[in-house]
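# Tertiary structure, described
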Amino acid sequence: MTRKSDPLHLRIGADIEQRIHSGEWAPGHRVPTEAELMAQYDCARMTVSRALSDLAGRGLVVRRKRAGTVVAHPPVHSSAVVDIPDIQAEVTGRGLAYRHRQLNRVQRPATEAEDWMATDGGLVLELETLHYADDEPFVLERRLISLAAAPEAGTADFAVTPPGSWLLAQVPWTGAEHRIAAVAADHDTARRLELDPGAACLRLERRTWREGRGVTWASQTFPGAAYELVARFSPARSRSP
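An account of the accompanying structure is given in this report. (Residues numbered from 1 in each chain as written. Predicted model: local features only at pLDDT ≥ 70, side-chain atom pairs only at ≥ 80, totals over all residues. Heavy atoms only, no water.)

### Considerations on the side chain of arginine 203
Along the polypeptide, arginine 203 turns up in strand β8 (residues 200–210). Although buried, arginine 203 forms no salt bridge, and the nearest oppositely charged side chain, aspartate 186, lies 4.9 Å from it. Within the local environment of arginine 203, its side chain forms a polar contact with the side chain of threonine 221, the two groups lying 3.0 Å apart. Contacts of arginine 203, omitting those with residues within four sequence positions, involve Arg179, Ile180, Ala181, Val183, Thr189, Ser219, Gln220 and Thr221. (Helix = DSSP H or I, 4+ residues; strand = E, 2+ residues; numbered from the N terminus. Buried < 20%, exposed > 50% of the residue type's maximum accessible area, 1.4 Å probe, protein only. Lys, Arg positive; Asp, Glu negative; His and termini not counted. Salt bridge = Lys/Arg side-chain N within 4 Å of Asp/Glu carboxyl O. Polar contact = N/O pair within 3.5 Å; in protein donor to acceptor, adjacent residues only side chain to side chain. Contact = heavy atoms within 4.5 Å.)

Shown next as structure tokens:
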């Protein structure tokens, strides 16, 4: 609870937060512009910007370069780090409208660094896909698929079916490796996700195998407030001396 003696940016943030928690402003609701908030609170742009930055840092709003500030959707939870999430299922499971857009598709020989999935210069399919939740950019995905392990991927229509969903249905995995990192959005990622360059993002990188043969590598970059990883565990049972 804020008091009249609190700095104005805290009071502005508290007013917006109250509207979000009460349900008055639902996920996706467009927050008034900085100019509108400046007029409403009779204050400088720096004060409004600080209030919105604080709310964005707590995951309550998302500030997008061209779309302005909107109320954030609740983060998608992954119940265990070793899960292979199906982005379409994750989004629709939360009652949000899902769609995706294929940005790039190239078939090429594997590089030396990609030998684990396509030996002797075998072919890989390189894909770039942007996934949306309620028409807001949700995750930017870059993916390689080994055409030796999944030859049908060469003719699959990934403009219709997202590649992750297709792989989970067509090429079940038997082994996986995950890497998770907090990253700052580079210029291209920020443009795709409609964020400011340098905005906080979460990046999941994974490799999957089937019976020892490399199948796919994927890098998925989420806006920082869009995704959470949750793991449940119990303490190991102590051994008697």
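### Brief notes about helix α5 (residues 163–170)
Three or more residues of α5 are buried, namely Pro163, Gly164, Ser165, Trp166 and Leu167. At its buried positions, α5 is contacted by α4 (87–93), β5 (123–133), β6 (136–146) and β9 (213–223).

### With respect to unusual backbone geometry
Positive phi is not limited to glycine here, since aspartate 135 has a value of about 65°. Looking at where aspartate 135 falls in the secondary structure, it is placed in the loop between β5 and β6. For glutamate 194, which is not glycine, the phi dihedral falls at a positive 60°. Among the structural elements, glutamate 194 can be located in the loop between α6 (187–193) and β8.

### Observations regarding the environment of aspartate 135
With relative accessibility at 53%, the residue aspartate 135 sits in the exposed group. Here the side chain of aspartate 135 touches arginine 99 through a polar contact of 2.7 Å, side chain to side chain.

### Comments concerning the environment of glutamate 90
Here glutamate 90 is to be found in helix α4. Here glutamate 90 falls in the buried class, since its relative accessible area comes to 19%. With 43 residues separating them in the primary sequence, glutamate 90 and alanine 133 have C-alpha atoms 9.8 Å apart.

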